[in-house]
Amino acid sequence: MADDADVIVVGGGLAGLVAATEIADAGKRVIVVDQEGEQSLGGQAFWSFGGLFLVDSPEQRRLGINDSYDLALQDWMGTAGFDRDDDHWPKRWAEAYVAFAAGEKRAWLRAMGHRIFPVVGWAERGGYDAMGHGNSVPRFHVTWGTGPGIVEPFVRRAREAQEKGLLTFRFRHRVDTLMTRSGAVEGVGGSVLEPDHVERGKSSSRKVIGDFTLRAQAVIVASGGIGGNHDLVRQNWPKRLGEPPKHMISGVPEHVDGRMIGITEAAGARLINRDRMWHYVEGIRNWNPIWPRHGIRILPGPSSMWFDATGKRLPAPLFPGSDTLGQLEYIMGTGYDYSWFILTQSIIKKEFALSGSEQNPDLTGKSWRMTIRRATSKGAPAPVEAFKQNGADFIVRNDLGELVGAMNALVGNDLLRLDHIKAQIEARDREISNPYVKDAQVMNLHNARRYIGDRLIRTATPHRILDPVHGPLIAVKLNILTRKTLGGFETDLDSRVFGTDRQIIKGLYAAGEAAGFGGGGVHGYRSLEGTFLGGCLFSGRNAGRAAAKAAG
Ligand SMILES: Cc1cc2nc3c(=O)[nH]c(=O)nc-3n(C[C@H](O)[C@H](O)[C@H](O)COP(=O)(O)OP(=O)(O)OC[C@H]3O[C@@H](n4cnc5c(N)ncnc54)[C@H](O)[C@@H]3O)c2cc1C
């Protein structure tokens, strides 16, 4: 039977788009199949903040940051903590990916019109030793235009390929099976879903109106992770992080359902590191939700005081923005699945950013005027103020006693004691009048402010939390927010998938989150941030190029 294309790509998210455009650029015919409608093209990346991990970039150098491949690799390996036999390919991907981030990544994107906001962010700052978790220096480069800005060049290239007749989209086509013959993958089969014009990101109908099969020499699985499927998240939850949370909110749309992972496994693919995941602990319920259980992650600056559900301050170095999984492990160890920030108006104004393209209209809309207002206005950015006023997890009071009372009322218990909270805040406040102190979080503030980017837009001038001049006081209840799947299908550097017999499955490739962003888990246990979009770019590119070459 004649093939419908040279290659079929399952998933029109960033990884799938990158792979498909590389295939078309090589002059091969490709079909992109996606269960969602055309309006959702780009998948999660559209909603993303567009943060990219780059090493020794011109943006870093302009800000006086000395970075290098060696320093970045040291950070990556200290963060990943690779320790399994299954980490052979993930580790090789990590070395190759850091080289990409220190090499051609920026120039490759720039040639497609991609641009970067000039102030580089400092995510996952660690706080252990030089070989431990975290970024030694700021490396989080925000795309000018955020998520839509990273998707746009690939959609443009895909449309050009469509016009040339090399690329075809099949929207509302849900893959239910991979077709194999003698162990080789030769196509996909599935259901045609009824047309649905819901807004991008909203849950779409799953009503089946037909079926389809498509044949090709190769299939690339780029179907994303499992973060929208809380049952799967709980099922794969690692013991080292305690019991799975009873209550979670979703940082991803419902189409991140993990269904295609099981389908690909059923075709013999080897899924590794399924217990590695990247969920956030600073999730807030969206007062204006787009998808079910929609939560937003606060990207916090370093000054908020962080308390567990019982009112105990989180231990050093678990400060805001330091070690996401360390915090998750600590919080789950308390027996409760939430925690609290207490901060001031001065801190929220300078330090709260919300992850997501729709929460950053200034950067997403590429408006310098609005972006400059973020730094100069009296209040916090408008989306943050909107959360402060409407968000179910925000409490604003002038008096600490009233604040603590409202915090207890919000969760319906009396775990927080005013005298306990007050003593910890007052003790921290006594450390503020000297630039050399023993409180590790306050030390951390002084360290952060030596970096010009933090001093300008990310770290408030150190002040007493209980100084009314900086008020009102704000408490934020922080929920566990599902997001990324770090494990995935084991692949070689050409993104070819291994089978359970440890042999390459002919005709099968995997890219993006489905491949653990490369190899089956390029991050190991933890991420340095900005590495997910980058992992989709790199693994999508490798998959596309290799599949096109193999198509002869
Ligand atoms: C709010 C938010 C902020 C983020 N911020 C950042 C950031 O700043 N930096 C960063 O590096 N990362 C960030 N990320 C993560 C990053 O966006 C994702 O990890 C990445 O975009 C995943 O891309 P993907 O192509 O692998 O999968 P997806 O985007 O999930 O795309 C997969 C596609 O496959 C389709 N599909 C699934 N199953 C099937 C099936 N059976 N049949 C047909 N189609 C199917 C889906 O409909 C979907 O369109 C963020 C994510 C979110 C949600």
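Summary of the structure given here. What you see is a predicted model; the values in this text were computed from it and never measured.

**What to know about helix α16 (residues 418-430)**
Then step 1. For α16, which comprises 13 residues, the first-to-last C-alpha distance of 18 Å matches the rise-based estimate of 18 Å (1.5 Å per residue) to within 8%.
Then step 2. Inspection of α16 places I421, Q424, I425, R428 and D429 among the buried residues, and these make up the whole buried set. Down the axis of α16, the sector holding all buried residues measures 135°, keeping them to one side.

**As for the site of the ligand**
Then step 1. Close contacts around the ligand come from 40 residues, with D34, Q44, V175, E513 and L533 the closest.
Then step 2. Contact distances for the ligand include 3.1 Å between a nitrogen atom and a backbone N or O atom of Q35.
Then step 3. In isolation the ligand exposes 1,000 Å². Once the protein is present, 99% of that is buried.
Then step 4. Of all the elements in the fold, those that place two or more residues in the shell around the ligand are α1 (14-25), β2 (30-34), α2 (44-47), β6 (173-181), β18 (473-485) and α19 (531-550).
Then step 5. A total of four residues in the shell around the ligand trace back to one element, the largest contributor, which is α19.
Then step 6. In terms of residue class, the shell around the ligand is made up of 16 nonpolar, 18 polar and six charged.

**Details of the sheet that holds strand β21 (residues 504-510)**
Then step 1. Strand order in the open sheet formed by six strands is β5-β2-β1-β9-β21-β20, and the pairing between neighbours is mixed. The open sheet terminates on both sides in strands that have one partner only, identified here as β5 (167-171) and β20 (496-498). Strand-to-strand twist across the sheet, computed as the mean angle between neighbouring axes with direction ignored, equals 30°.
Then step 2. Pairing geometry for strand β9 (residues 218-221) and β21, over three bridges, is parallel. From the neighbouring strand, I220 faces β21, where its bridge partner is Y509.

**Observations regarding the environment of G262**
Then step 1. Of note, G262 is situated in helix α9 (residues 259-266).
Then step 2. G262 gets classed as partly exposed once you look at its relative accessible area, which sits at 36%.
Then step 3. Along the chain, G262 and F307 lie 45 residues apart, while their C-alpha atoms are 39 Å from each other.

**Quick word on the packing of aromatic side chains**
Think of a pair of aromatic rings as described by two things: how far the centres are apart, and how the planes are tilted against each other in angle.
Then step 1. Tallying each qualifying case throughout the model produces 25 aromatic pairs.
Then step 2. The interplanar angle of 75° and the centroid separation of 6.2 Å between the aromatic rings of W278 and Y280 together place this pair among those described as edge-to-face. Taken individually, W278 and Y280 each receive the classification buried, so the pair is uniform in this respect.
Then step 3. Ring-pair connections join several aromatic residues into one group, and the members of that group are F53, W76, W93, Y97, F100, W108, F154 and F538.
Then step 4. For the cation-ring pair, R276 lies above Y525, with the distance from its terminal atom to the ring centre recorded as 4.0 Å.
Then step 5. Of note, K477 hangs over the ring of Y338, and the distance from its end group to the ring centre comes to 5.2 Å.

**What to know about the nonpolar core**
Then step 1. Membership of the largest hydrophobic core comes to 142 residues, with the highest contact counts inside it found for W76, I220 and V476.
Then step 2. For this core, the element with the most residues is α19, which contributes nine residues.
Then step 3. When residues no more than four places from it in sequence are discounted, the contact partners of W76 are F53, F82, A94, Y97, V98, V522, H523, L528 and T531.
Then step 4. Among the nonpolar cores identified, the runner-up in size contains 16 residues, and L63, A123, V142 and L299 belong to it.

**Describing the packing of α1 against helix α7 (residues 146-163)**
Then step 1. At a minimum axis separation of 9 Å, α1 and α7 run at an interaxial angle of 40°. Classified by the interaxial angle, the pair formed by α1 and α7 is oblique. Here α1 runs over α7; the crossing is left-handed. Mapping the contact onto sequence places L14, L17, V18, T21, E22, A24 and D25 in α1 and I150, V151, F154, V155, R157, A158 and A161 in α7.
Then step 2. The residue makeup of the contact of α1 with α7, split by class, is 10 nonpolar, one polar and three charged.

**Thoughts on empty space enclosed by the protein**
Then step 1. Tallied over the full model, the rule gives two cavities of 30 Å³ or more.
Then step 2. Its boundaries defined by the atoms lining it, the second largest cavity holds a volume of some 30 Å³.
Then step 3. Residue lining of the second largest cavity: A353, L354, Q359, N360, R374, P381, P383 and V384, and that is the complete set.
Then step 4. Broken down by secondary-structure element, the contributors of at least two residues to the lining of the second largest cavity are β16 (352-354) and α14 (382-390).
Then step 5. Residue composition of the lining of the second largest cavity, by class: five nonpolar, two polar and one charged.

**Here we look at the environment of R270**
Then step 1. Within the secondary structure, R270 is located in the loop between α9 and β11 (271-272).
Then step 2. Note: C-alpha distance between R270 and I504 (234 residues apart in sequence) is 9.8 Å.
Then step 3. The residues touching R270, leaving out its near neighbours within four places in the chain, are D86, G488, F489, E490, V497, F498, G499, T500 and R502.
Then step 4. A polar side-chain atom of R270 sits 2.8 Å from a polar atom in the side chain of E490.

**Here's the deal with a nonpolar patch on the surface**
Then step 1. On the surface, a nonpolar cluster with roughly 230 Å² of combined accessible area is contributed by I452, L456 and I457.
Then step 2. Following the sequence through the fold, L456 ends up in helix α18 (residues 452-457).

**Quick look at the sheet that holds strand β7 (residues 184-193)**
Then step 1. If you trace the three strands from one edge of the open sheet to the other, you get β6-β7-β8, paired in antiparallel fashion. In the strand order of this sheet, the two ends are held by β6 and β8 (208-215), each with one partner. Direction aside, the axes of adjacent strands within the sheet are offset by 20° on average.
Then step 2. As paired strands, β6 and β7 are joined by eight bridges and run antiparallel to one another. When the bridges of β7 are listed, H173 appears paired with V192.

**Quick notes on the pattern of salt bridges**
Then step 1. Under the defined criterion, the tally for this structure stands at 33 salt bridges.
Then step 2. A salt bridge links R240 to D275, with the nearest nitrogen and oxygen atoms 3.0 Å apart. Of the two residues, R240 is situated in the loop between α8 (230-235) and β10 (249-250) and D275 in the loop between β11 and β12 (277-285); the sequence distance between them amounts to 35 residues.
Then step 3. On the basis of relative accessible area, R240 is assigned to the partly exposed category, the value being 35%.
Then step 4. Residues joined by salt bridges that share partners form a network here, namely E22, D25, R157 and R545.

Conventions adopted
- Numbers given to residues run from 1 along each chain, matching the order in which its sequence is written.
- Since the coordinates come from a predicted model, pLDDT governs what is reported: local features require at least 70, and pairs of side-chain atoms require 80 or more to be given and counted, while whole-chain, interface and lining totals use all residues.
- Note: side-chain values were computed over all heavy atoms of the structure, leaving out hydrogens and water.
- A run of H or I in DSSP counts as a helix once it spans at least four residues, and a run of E counts as a strand once it spans at least two, with each numbered from the N terminus.
- Multiplying 1.5 Å by the residue count of a helix minus one yields the expected span of that helix.
- Burial here depends on accessible area, computed with a 1.4 Å probe over protein chains only, as a share of the maximum for the residue type. Under 20% is buried, over 50% is exposed, and the range in between is partly exposed.
- This arc corresponds to the set of directions leading from the helix axis out to the C-beta atoms.
- Summary of the distance rule: residues count as near a molecule or strand when at least one heavy atom falls within 4 Å of that molecule or strand.
- Whenever two N or O atoms come within 3.5 Å, that pair is a polar contact, provided that in protein one can donate a hydrogen and the other can accept it, and provided that, for residues adjacent in sequence, both atoms are side-chain atoms.
- Exposure was quantified through the Shrake-Rupley algorithm and a 1.4 Å probe, taking into account, for residues, occlusion by the shown protein chains and nothing else.
- Residues were grouped as follows: Ala, Val, Leu, Ile, Met, Phe, Trp, Tyr, Cys and Pro as nonpolar; Asp, Glu, Lys and Arg as charged; and all remaining residues, including Gly, as polar.
- A pair of strands is labelled paired if DSSP reports no fewer than 2 bridges between them.
- Every angle, taken between N-to-C directions, lies between 0 and 180 degrees, and every axis is a line fitted to C-alpha atoms, over only the stretch in contact when it is a helix.
- In this analysis, rings of Phe, Tyr and Trp, with Trp reduced to its six-membered ring, are considered paired at centre separations within 6.5 Å, and the interplanar angle assigns stacked below 30 degrees, edge-to-face beyond 60, and tilted for intermediate values.
- Whether a charge sits over a ring depends on NZ of Lys or CZ of Arg being within 6 Å of the ring centre and within 35 degrees of the ring normal.
- The set of buried Ala, Val, Leu, Ile, Met, Phe, Trp, Tyr and Cys residues whose side-chain atoms join them within 4.5 Å is what this entry labels a nonpolar core.
- Should any heavy atoms of two residues lie within 4.5 Å, those residues are counted as being in contact.
- Any angle that falls under 35 degrees is termed roughly parallel, while one over 145 is termed roughly antiparallel, one within 65 to 115 roughly perpendicular, and all others oblique.
- Each helix crossing is assigned a hand: it is left-handed if the near helix lies turned anticlockwise from the far helix by less than a right angle, otherwise right-handed if that turn is clockwise.
- In this analysis the probe radius is 1.4 Å and the grid spacing 1 Å, with only protein atoms considered; a cavity is a set of points the probe fits into but cannot get out of, a pocket is an open set with protein on both sides within 12 Å along at least five of seven lines, and lining residues have an atom within 4 Å of a point.
- Grid points are joined across faces, edges and corners, and a volume is the space filled by probe spheres set on the points.
- Candidates for patches are residues over 30% relative accessible area with no salt bridge; among them, like charges are joined within 9 Å and nonpolar side chains (Val, Leu, Ile, Met, Phe, Trp, Tyr) within 5 Å.
- In the sections that follow, a salt bridge refers to a side-chain nitrogen of Lys or Arg positioned within 4 Å of a carboxyl oxygen of Asp or Glu.

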